[in-house]
Amino acid sequence: MEKTNALGQYLTLFRIRFIAGLQYRAAALAGIMTQFAWGGMTVLLYRAFYQSDPAAFPQSFEAMCSYIWIQQAFLAIFMVWGLDPEPFELIKSGNIAYELCRPVNIYWMWFVKSAATRLAKAVLRCMPILIFALLLPRPYRLVLPDGGRLVLFIVSLLLALINIVAFTLLIYISTFYTLDSTGLRSLMSTLAEFLSGGLIPLPFFPESFQKVLSLFPFAGMENTPLQLYNGTMAGMDAAFGIGMQVLWAGIMIGTGAVWMRSALKNVVAQGG
């Protein structure tokens, strides 16, 4: 019964934060316009490279365009650097003491809030971008995958969301020990953005480096769902990619939950 009640509490927190996130339509519109512009510039940039020697690239230009448009449509999920400022402020100000009074686990409360915020932003922004990309002429337009690839993409996208939220919670928890998280936050978000395929798709890296990166959690944060969508990851590679997402989600969530308990045992809230 207690587990059922706790689950209901977290679902309620998720619903409240998700609905609240849907209210920021002006911010969503600004984000959509920015992502239209950024996606278009990125497509044209790669077009210039592809025109010089198309055979030098590991995937077709059409697949590259689909990669970019899906990336932009779900950027709210993929952007590791889109951290919620609330946990940092709670820790730094000492108001974390109020959170300790709540009859919920702080780790899971922050987890569901962060996941709901990212998902709400993605829901608001994705459809206009997807529709726009589908209406573009070939080879610039978004190409729809078959049913099987679409299912794998959705599963992998949800696992990517879980991995990214679990990773960002590790950054939040580190603030208990540093207070000012600016340096670590910048370092870890930049590292994750680069190694996840956010800046350069991982198939563009040397094959040996790709094999190493596939063993780390970053590949599952963005590269895996995008390559599953494109069909450049299939069969055993797809199973391995999703398996690594599940494995790292478990590792990071377990580590974060234990680390949070340890941090809260030693927390000191100062102030009047």
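Everything that follows concerns the structure shown earlier in this document.
Quantities reported herein were computed from a predicted structural model and do not represent experimental measurements.

Student: Teacher, can you tell me more about the pattern of salt bridges here?
Tutor: Between side chains of opposite charge, a pair can form when the charged atoms approach closely. A full pass over the atoms with the stated rule returns three salt bridges. In this structure, Arg-17 and Asp-84 form a salt bridge, with 3.4 Å as the shortest nitrogen-oxygen distance. Taken as a pair, Arg-17 in helix H1 (residues 2-21) and Asp-84 in the loop between helix H4 (75-78) and helix H5 (85-93) lie far apart in primary sequence, 67 residues in all. Comparing Arg-17 with Asp-84, the two get one shared label, buried. The partner of Glu-62 in a salt bridge is Arg-138, with the nearest N and O atoms 2.7 Å apart. A residue pair is termed long-range when its members are at least 10 positions apart, and Glu-62 in helix H3 (residues 61-73) and Arg-138 in the loop between helix H7 (106-135) and helix H8 (147-178) qualify at 76 residues. Connected through salt bridges with shared partners, the residues Arg-17, Asp-84 and Glu-86 form a single ionic network.

Student: I tried to follow helix H11 (residues 223-230) on my own but got confused; where do I start?
Tutor: Residue pairs three or four apart in sequence face the same way in an α-helix, which turns once every 3.6 residues. Counting buried residues in H11 gives eight out of eight residues, a clear majority hidden from the surface. Within H11 the residues assigned to the buried category are Asn-223, Thr-224, Pro-225, Leu-226, Gln-227, Leu-228, Tyr-229 and Asn-230. Structurally, H11 contributes buried residues whose contacts are with H3, H4, H8 and helix H12 (235-265). Once H11 ends, the next one or two residues include Gly-231, with phi positive near 85°.

About the thresholds
- Residues numbered from 1 in each chain as written.
- Predicted model: local features only at pLDDT ≥ 70, side-chain atom pairs only at ≥ 80, totals over all residues.
- Heavy atoms only, no water.
- Salt bridge = Lys/Arg side-chain N within 4 Å of Asp/Glu carboxyl O.
- Helix = DSSP H or I, 4+ residues; strand = E, 2+ residues; numbered from the N terminus.
- Buried < 20%, exposed > 50% of the residue type's maximum accessible area, 1.4 Å probe, protein only.
- Contact = heavy atoms within 4.5 Å.

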